[in-house]
Structures are given as C-alpha cells and as structure tokens.
Amino acid sequence: MIRVLVWNEYRHEKQQPAVADIYPGGIHRAIGEYLGESGGISVRYACLDDPEQGLSLDILDNTDVLVWWGHMAHGEVTDENVERVCRRVNAGMGLIALHSAHHSKVFRRLCGTSCNLKWRHGDRERLWTVVPSHPIALGVPEHFELEREEMYGEPFDIPTPDEVVFMGWFAGGEVFRSGVTYRRGAGRIFYFQPGHEEYPVYHNGNVLKIIGNAVRWAAPGENAAMIECTNPGALEV
C-alpha cells in the first residue's frame, strides 16, 4: 500500500459558505476519498490547525506521498515543518503540490525561486497532455476542459522542469506549464495547476485521475534514501 497524507490548510471551506457547498468535507476529503477508492493506497488527512500542523515527525516518517493544498495561509506554516517536509522529500517521500501550493514555503524552498506567475479569476481552461507516454498521463485524454478555473499564466518563475507533462490554455489567451515534474534528492515532485477552491475542479474525473497517477509515480522505490555525506576509505590502494 502507498501511504498518502493529504494535507490541506482547510481555511476557505470554514470561512466561505460557497466553498463549503462545493467541498462539504474539505478539499482534502474530496481528493482523499478518490485516492482511497482507487486501490493500493491508504489515506490519512492533516490540516493546518491540527497539532504540529499535521506534520509531526511520526506522521511524515510514515508517509510515502504528501499531497499539499494551500492558499491563504502559506505564511502560517512553521519553518520547522518546512524543514521536516523538505528533508523527507530529499529522503524519498513524494510530493504532489496542487494549485496555489506553488507559493507554499515547501514548494518554493524545493524550487529555489519565487514561483511567481500571472493570475486572473474565472476563465475556461483546456488542458493538453503533451507527454502521453508519461505514467502520470496514463488514461488521460489528449485534452479536456474545465469550464471555470483560475487562470495561471506564463511566465512561471520555476526552475526548468524535468518534464512538462501537461500544458494549460485559457480562453483569455494565456498558456501555462500546468503539470511539471522534478526530482530532489531521492524524492519525486509533481506540481499540478488546476484546483481553485471556488470551482468544483476536484470533482472532475480527469483531474482526480491525474492526481492518482501522480501519487503512484511519486511513491518511493525500495532503494530510495537520502544520500549522506560520508568519508569512506579508498577502494584501491
């Protein structure tokens, strides 16, 4: 079983009735229930207001893939927890950063850039699968549409991705690298753009399928481990 922790700051759902109507159990539950029903995945949930912000050493040490959604409270995540998460990623834990998690402390720390972009509320998006052979694209059509989504547009201040699996085109004319991968240490990272809280994006079957595929892709292999700084003796004398 792949042990998944779905982390959500869980603030919009508590403060905005319109968001609660879309996600009555929270965004984390909408994602986690799909993952739990898809087979081979066990799901735990954590939120910003949990003890240790849901990111204790014990929880992270027993997590294979962390799915992260945040937006309005990035600054409340403690530096200690950022360090914990980044260390676990480097040691092999997978990270799926969703939508506004591009500005999370964790994602920016792992990227080393501002991760800034253009944005505009309320636009139609067409997502294109540009690497259909990638495991994250398994079973995903060549393109699909989201009738309402927050526009994210280039330039997107991220390091050059290892792979650009999905590209987004918006009705206003912008394009965006909507699904990109990285490797940091022994860990795999997937950033996926769709998921503005005011729209039912995480009820879309293709979006959920991509997240499920990404979880399986990002899960650590048997040999995943952080590379330590050692001082071995010479092999040849």
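For the structure itself, look to the data block above.
Residues numbered from 1 in each chain as written. Predicted model: local features only at pLDDT ≥ 70, side-chain atom pairs only at ≥ 80, totals over all residues. Heavy atoms only, no water.

Caption draft 1: Expanded view of the nonpolar core. Phe166 and Tyr202 are the most contacted members of the largest nonpolar core, which has 37 residues in total. Apart from residues lying up to four places away in sequence, Tyr202 is in contact with Tyr23, Ile27, Ala30, Ile31, Trp69, Leu98, His99, Pro194, Gly195, Val207, Leu208 and Ile211. Among the nonpolar cores identified, the runner-up in size contains 35 residues, and Leu48, Val85, Ala97 and Val106 belong to it. (Core = buried A, V, L, I, M, F, W, Y, C linked by side-chain atoms within 4.5 Å. Buried < 20%, exposed > 50% of the residue type's maximum accessible area, 1.4 Å probe, protein only. Contact = heavy atoms within 4.5 Å.)

Caption draft 2: Molecular detail of the pattern of salt bridges. Tallying each qualifying case throughout the model produces 16 salt bridges. Here Glu80 ties to Arg84 by a salt bridge, and the two come within 3.0 Å at their closest N and O atoms. Taken as a pair, Glu80 and Arg84 lie in helix α5 (residues 79-90) at a separation of 4 residues, close to a single helical turn. When its relative accessible area of 52% is taken as the criterion, Glu80 is described as exposed. (Salt bridge = Lys/Arg side-chain N within 4 Å of Asp/Glu carboxyl O. Helix = DSSP H or I, 4+ residues; strand = E, 2+ residues; numbered from the N terminus.)

Caption draft 3: Spotlight on the sheet that holds strand β1 (residues 2-8). Here we have 9 strands laid out as an open sheet, ordered β2-β1-β3-β4-β9-β8-β7-β5-β6, and mixed in their pairing. Looking along the sheet, the strands with just one partner apiece sit at the ends: β2 (41-47) and β6 (143-153). For this sheet the average axis-to-axis angle between neighbouring strands, irrespective of direction, equals 25°. In terms of strand pairing, strand β5 (residues 118-129) meets β6 through 8 bridges, oriented antiparallel. Note on β6: the bridge partner recorded for Glu125 is Leu146. Each of β1, β2, β3 (65-69) and β4 (94-98) touches helix α3 (residues 27-37); the most contacted strand, β2, lies at about 170° to it. (Pairing = 2+ DSSP bridges. Axes fitted to C-alpha atoms, helices over the stretch in contact; angles between N-to-C directions.)

Caption draft 4: Local environment of unusual backbone geometry. Between Glu154 and Pro155 the backbone carries a cis peptide bond, its omega angle lying at 5°. Secondary-structure assignment places Pro155 in the loop between β6 and β7 (163-170). Residue His99 is not a glycine yet carries a positive backbone phi of 50°. Its location among the elements puts His99 in the loop between β4 and α6 (105-111). With relative accessibility at 0%, the residue His99 sits in the buried group. Of note, the phi angle at Cys115 is positive, near 60°, even though the residue is not glycine.

Caption draft 5: Representation of helix α7 (residues 205-218) in the model. Taking 1.5 Å as the rise per residue, α7 with 14 residues should run 20 Å; its terminal C-alpha atoms sit 20 Å apart, in good agreement. Of all 14 residues making up α7, 10 are buried, and the element is well covered by its neighbours. Those residues of α7 lying buried are Val207, Leu208, Ile210, Ile211, Gly212, Asn213, Ala214, Val215, Trp217 and Ala218. (Expected span 1.5 Å × (residues − 1).)

Caption draft 6: Geometry of the packing of aromatic side chains. For the structure on display, the rule yields 9 aromatic pairs. Considering the side-chain rings of Trp7 and Trp68, the 3.9 Å spacing of their centres and the 20° angle between planes classify their relative orientation as stacked. Here Trp68 lies in strand β3 and Trp7 lies in strand β1, a separation of 61 residues in the sequence. The same class applies to Trp7 as to Trp68, namely buried. With centroids separated by 5.6 Å and ring planes inclined at 25°, the aromatic side chains of Phe190 and Phe192 adopt a geometry described as stacked. (Phe/Tyr/Trp six-rings, centres within 6.5 Å; stacked < 30°, edge-to-face > 60°.)

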